[in-house]
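Next come the chains, spelled out residue by residue.
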Amino acid sequence: MIDLRSDTVTLPSSEMKEFMFHASIGDDVYGEDPSVNLLENKTSDLFGKEDALFVPSGTMANLISVLTHCDRGDEMLLGNQSHIFKYEAGGSSVLGGVHSHQLNNNNDGTIDINNILLAINDTEDTHYAKTKLLCLENTHNRCYGSAIPMKYFKDVRDALKPHALKIHLDGARIFNASVALNEPVDKLVKNVDSLSCCLSKGLSCPSGSMVIGTKKFITRARRLRKMLGGGMRQSGIMASAGIYALDHMIDRLKEDHINAKNLSNEIFKINGLEIDTTKVKTNLVFFKLIKENLNANQFMKQLSEEDIKIDYKGNNIFRMVTHYGLKNNHIEKVVKTFKLILNK
Ligand SMILES: Cc1ncc(COP(=O)(O)O)c(C=O)c1O
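Residues numbered from 1 in each chain as written. Predicted model: local features only at pLDDT ≥ 70, side-chain atom pairs only at ≥ 80, totals over all residues.

Before going further, it helps to examine helix H12 (residues 253-268). Because an α-helix packs 3.6 residues into every turn, residues spaced three or four apart end up facing the same way. Here H12 is 16 residues long and its end C-alpha atoms lie 23 Å apart, about the 22 Å a rise of 1.5 Å per residue gives. Those residues of H12 that are buried lie in contact with helix H8 (174-181), strand S9 (273-274), strand S10 (284-289), strand S13 (317-321) and helix H14 (330-342). (Helix = DSSP H or I, 4+ residues; strand = E, 2+ residues; numbered from the N terminus. Expected span 1.5 Å × (residues − 1). Contact = placed C-beta atoms within 7 Å.)

This is the structure we're talking about:
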């Protein structure tokens, strides 16, 4: 099976599993798991922030972050293509009573700074929910996996100076952004107050994400993690995968980016498929099926008969994600199969 639906399908390497097997563990809810403590320290150092918290998933990391920044009835601004808005079951609204105000995402994942400024309400006018938070995303999943450069975050931060607004970054794939932009992660996130990052995507851990911010923020976030049922006791087994990943799995993400670029260049040559290869900057490849007499379901079915899985986004648009689980000949096989199906 060649599974290109997501980088979440990655499995831990045997070296990672061996490392997990030997993890020192304790009860993390008591703060006594040495591996979790080490991962949290390592992460906050890497990102140049005061503290970090290990949580089960990216969704929980974002939810905890939003709920830590906002009280019930507060408003957050976020992109209309953001993962928090589209794919997290509306958790911030359901569980936190946080009002979401969606702003247009540009193709590169940014939101126009003027639109952000126009949307902020920090007056005492009782008609409006108070805007407390801006959520950004890097790399931006639905915006072609684009890596947003440091300058944008600096410009947003400068523009927000007159307002008491916090910035949270959904950095599920922040390491992809760092590798693509050749910028260390601490610089990339210098201008945000908090961020989440995933260990279970390109870094290939079985599960786990981090919430990162100030000591005060993480103290409150830790309480919310308990409240949401995310206190995992001997979670050092999982945390040790994260420790291994931070040391060994970041640099190799460039291979995923090269594979994505090669794959997109091949797709460009196939009649019946449409792609803008200039948008492929990290490990996500979006393309459109434009062949008459072949619909999305038929295409997916024929691919699955050849043991290939890709992600359908609707409107004849598909996403493929390159990752650690791909072997040398996989890209070749996918391209060959696409050609066979489309030339029928
Ligand atoms: C940008 C982004 N944020 C958050 C998440 C959520 O992560 P998880 O699947 O671990 O809940 C994902 C998952 O694909 C993602 O792509």
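Having seen the model, we can carry on.
The environment of the ligand is formed by 13 residues, the closest being Ser 57, Gly 58, Thr 59, His 83 and Ala 172. At three residues, helix H3 (residues 58-69) tops the list of elements feeding residues into the shell around the ligand. Broken down by class, the residue content of the shell around the ligand amounts to two nonpolar, nine polar and two charged. (Near = placed C-beta within 6 Å. Nonpolar A, V, L, I, M, F, W, Y, C, P; charged D, E, K, R; others polar.)

The subject of this paragraph is the environment of Val 192. Tracing the backbone shows Val 192 in the loop between helix H9 (185-188) and strand S7 (194-198). By the C-beta count within 10 Å, which is 23 here, Val 192 ends up buried. Along the chain, Val 192 and Tyr 128 lie 64 residues apart, while their C-alpha atoms are 25 Å from each other. With residues up to four places along the chain from it excluded, the contact list for Val 192 reads Phe 153, Ile 167, His 168 and Leu 169. (Buried ≥ 20, exposed ≤ 12 C-beta atoms within 10 Å, placed from the backbone.)

Moving on, we come to the domain arrangement of the chain. If you check the domain split of the chain, you get domain 1 (11-248) and domain 2 (252-342). Across the contact, 14 residues belong to domain 1 and 14 residues belong to domain 2. (Domains from an automatic or database assignment.)

Moving on: the sheet that holds strand S12 (residues 311-314). Ordered by their spatial adjacency, four strands build an open sheet running S9-S10-S13-S12, and the pairing between neighbours is antiparallel. Looking at the sheet topology across the chains shown, the edges are occupied by S9 and S12. One ladder, built from two bridges, connects S9 with S10; its direction is antiparallel. Bridge pairing links Leu 273 to Leu 289 in S10. Sheet contacts for H12: S9, S10 and S13; angle to S10, the most-contacted strand, approximately 15°. (Pairing = 2+ DSSP bridges. Axes fitted to C-alpha atoms, helices over the stretch in contact; angles between N-to-C directions.)

Before going further, it helps to examine the sheet that holds strand S2 (residues 51-55). Taken in spatial order, the seven strands of this open sheet run S2-S8-S7-S6-S5-S3-S4, and their pairing is mixed. Taken across any chain shown, the strands that pair with only one partner, and hence form the sheet edges, are S2 and strand S4 (99-103). Strand after strand, the sheet turns through a mean of 20° between neighbouring axes, direction not considered. With five bridges connecting them, strand S5 (residues 131-137) and strand S6 (residues 166-171) associate as parallel partners. Each bridged residue has a counterpart across the sheet, and for Leu 136 the counterpart in S6 is Leu 169. Running over the sheet, helix H10 (residues 215-227) touches S2, S7 and strand S8 (209-213) and is turned about 20° from S2.

This part takes up the packing of H8 against H12. The relative placement of two packed helices comes down to the angle between their axes together with the axis-to-axis distance. Direction vectors running N to C along H8 and H12 enclose 75°, while the axes themselves pass 9 Å from each other. The orientation of H8 relative to H12 falls into the category roughly perpendicular. Between H8, through Phe 175, Asn 176, Val 179 and Ala 180, and H12, the contact on the second element is made entirely by Leu 253, Lys 254 and His 257. Its residues placed into classes, the contact of H8 with H12 shows four nonpolar, two polar and one charged. (Parallel < 35°, antiparallel > 145°, perpendicular 65-115°, else oblique.)

Looking now at the packing of H12 against H14. The interhelical angle for the contact between H12 and H14, taken along N-to-C directions, is 20°, at an axis separation of 10 Å. With respect to H14, the axis of H12 lies roughly parallel. The element H12 and its partner H14 pack so that their crossing is right-handed. Residues Asn 259, Asn 262, Leu 263 and Glu 266 of H12 lie in contact with H14, whose contacting residues are Ile 331, Val 334 and Val 335. Residue composition of the contact of H12 with H14, by class: four nonpolar, two polar and one charged. (Left-handed = near helix turned anticlockwise from the far one by under 90°.)

For the rest of this paragraph, the subject is the nonpolar core. Of all hydrophobic cores here, the largest spans 68 residues; its most connected members are Ile 64 and Val 211. Those residues in contact with Ile 64 that sit more than four places away from it in its chain are Val 55, Val 211, Ala 221, Leu 224, Arg 225 and Leu 228. Listed in part, the 25 residues of the second largest apolar core include Tyr 144, Ala 260, Val 280 and Ile 308. (Core = buried A, V, L, I, M, F, W, Y, C linked by C-beta atoms within 7 Å.)

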